[in-house]
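# Coordinate inspection notes
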Amino acid sequence: MLKENLIQVEEKINAACQRAGRSRSEVTLIAVSKTKPIPMLSEIYAEGIRNFGENKVQEILEKHEELPNDIKWHMIGHLQRNKVKSVIDKVSLIHSVDSFRLAEEINIQAKKKNITVPILVQVNIAGEDTKFGITREDAIVLTEQIAELDNLRIQGLMTIAPLVNDPEDNRQYFRGIRQLSVDIRNKNIDNVCMDILSMGMTGDYEVAIEEGATMVRVGTGIFGARNYNK
Ligand SMILES: *Cc1c(COP(=O)(O)O)cnc(C)c1O
């Protein structure tokens, strides 16, 4: 069942890469497994998936404990400062850094553990009130500020595009984020690289890939609809 979903997603990723003249190896598929039980994660782990995305610290901690340790866990949800300490050495990338206060806390806790934490800056490119993330202008300032912190390394940008019926409507936003990452890269800030663009979800990942996504976060397309009432 999940295997068939995964094959379909793979086909679409491949086709999008081809249309954009990109190599499949440039795009990492993150299976967004939030709310899904461990046997479902194991099922697609068996199909070769190693990147999983979660939006709650508690869920990462539990699943990290149970599942093989070659999995790369991606924190894609809003991160509270009081939860930073417990999760930073369990995740391979935090996609959702959107304030200097959060970055500072990550830096403090990373220093204590003697690690460097890779992060993305989350940009609210469409300016929606309902979304976390910061404006384009603030992203540039925040990147410059975070660059001063020793135990954290900015690897790129992340965005959650609006929920739309036609994924073409989000092309402008993906293009905007891509341009922002080029603008930041051109500033040549020490300790900052812009190799990762985390954008595109089940409804729009093909367009995101066409516009330069290097990580797509696909939940429903792999695991089916989420049930929050259970
Ligand atoms: C839930 C979630 C996704 C996956 O959404 P789908 O539409 O199910 O693919 C991707 N990114 C973030 C940040 C999410 O919270």
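Everything that follows concerns the structure shown earlier in this document.
Residues numbered from 1 in each chain as written. Predicted model: local features only at pLDDT ≥ 70, side-chain atom pairs only at ≥ 80, totals over all residues. Heavy atoms only, no water.

## Re the packing of helix 6 (residues 136-146) against helix 7 (residues 171-185)
It is at 11 Å that the axes of helix 6 and helix 7 come closest, and there the two elements cross at 35 degrees. In this structure, helix 6 meets helix 7 at a crossing whose hand is right-handed. Residue-level inspection shows Arg136, Ala139, Ile140 and Thr143 of helix 6 in contact with helix 7, the latter providing Gly176, Leu180, Asp183 and Ile184. Here the contact of helix 6 with helix 7 is built from residues that sort into four nonpolar, two polar and two charged. (Axes fitted to C-alpha atoms, helices over the stretch in contact; angles between N-to-C directions. Helix = DSSP H or I, 4+ residues; strand = E, 2+ residues; numbered from the N terminus. Left-handed = near helix turned anticlockwise from the far one by under 90°. Contact = heavy atoms within 4.5 Å. Nonpolar A, V, L, I, M, F, W, Y, C, P; charged D, E, K, R; others polar.)

## Things to note about the pattern of salt bridges
Scanning all chains against the criterion turns up 13 salt bridges. In this structure, aspartate 89 engages lysine 113 in a salt bridge whose closest nitrogen and oxygen atoms are separated by 4.0 Å. Of this pair, aspartate 89 sits in the loop between helix 4 (84-87) and strand 4 (93-97) while lysine 113 sits in helix 5 (residues 100-113), placing them 24 residues apart in sequence. Assessed through its relative accessible area of 41%, aspartate 89 is described here as partly exposed. Relative accessible area serves as the criterion here: at 33%, lysine 113 is assigned to the partly exposed category. Among the ionic pairs, arginine 175 bridges to glutamate 211, the shortest N-O distance being 3.0 Å. One end of the pair, arginine 175, is in helix 7; the other, glutamate 211, is in the loop between helix 8 (205-210) and strand 8 (215-218), with 36 residues separating them in the sequence. Taken together, the salt bridges that share partners define one network made up of Arg19, Glu168, Arg171, Arg175, Glu210 and Glu211. (Salt bridge = Lys/Arg side-chain N within 4 Å of Asp/Glu carboxyl O. Buried < 20%, exposed > 50% of the residue type's maximum accessible area, 1.4 Å probe, protein only.)

## Here's the deal with the site of the ligand
Neighbouring residues of the ligand: Val32, Lys34, Ile76, Met158, Ile160, Met201, Thr202, Arg217, Val218, Gly219, Thr220 and Arg226. Between threonine 202 and the ligand, the recorded distance is 2.4 Å, taken from a side-chain N or O atom to an oxygen atom. Within the contact set of the ligand, an oxygen atom lies 2.4 Å away from a side-chain nitrogen or oxygen of threonine 220. Within the complex, the protein chains bury 90% of what would otherwise be the 390 Å² of accessible surface of the ligand. Its residues placed into classes, the shell around the ligand shows six nonpolar, three polar and three charged. (Near = heavy atom within 4 Å. Polar contact = N/O pair within 3.5 Å; in protein donor to acceptor, adjacent residues only side chain to side chain. Areas by Shrake-Rupley, 256 points an atom, 1.4 Å probe, with all protein chains shown as cover.)

## Observations regarding the pairing of strand 3 (residues 72-75)
Direction of pairing for strand 2 (residues 51-54) relative to strand 3: parallel, over a ladder of four bridges. Counted as the bridge partner of glycine 53 is histidine 74 from strand 3. Crossover connection from strand 2 via helix 3 (residues 57-66) to parallel strand 3: handedness right-handed. Across two bridges, strand 3 lies against strand 4 in parallel orientation. Paired with methionine 75 across the two strands is isoleucine 94, which belongs to strand 4. (Pairing = 2+ DSSP bridges. Right-handed = clockwise from strand over helix to strand, strands pointing away.)

## Looking at the packing of aromatic side chains
Overall, the coordinates contain one aromatic pair when judged by the stated rule. Its end group placed over the ring of tyrosine 45, arginine 50 keeps NZ or CZ at 3.5 Å from the ring centre. (Phe/Tyr/Trp six-rings, centres within 6.5 Å; stacked < 30°, edge-to-face > 60°. Lys NZ or Arg CZ within 6 Å of the ring centre and 35° of its normal.)

So, to be careful, I would describe these as geometric facts and stop short of saying anything about function.
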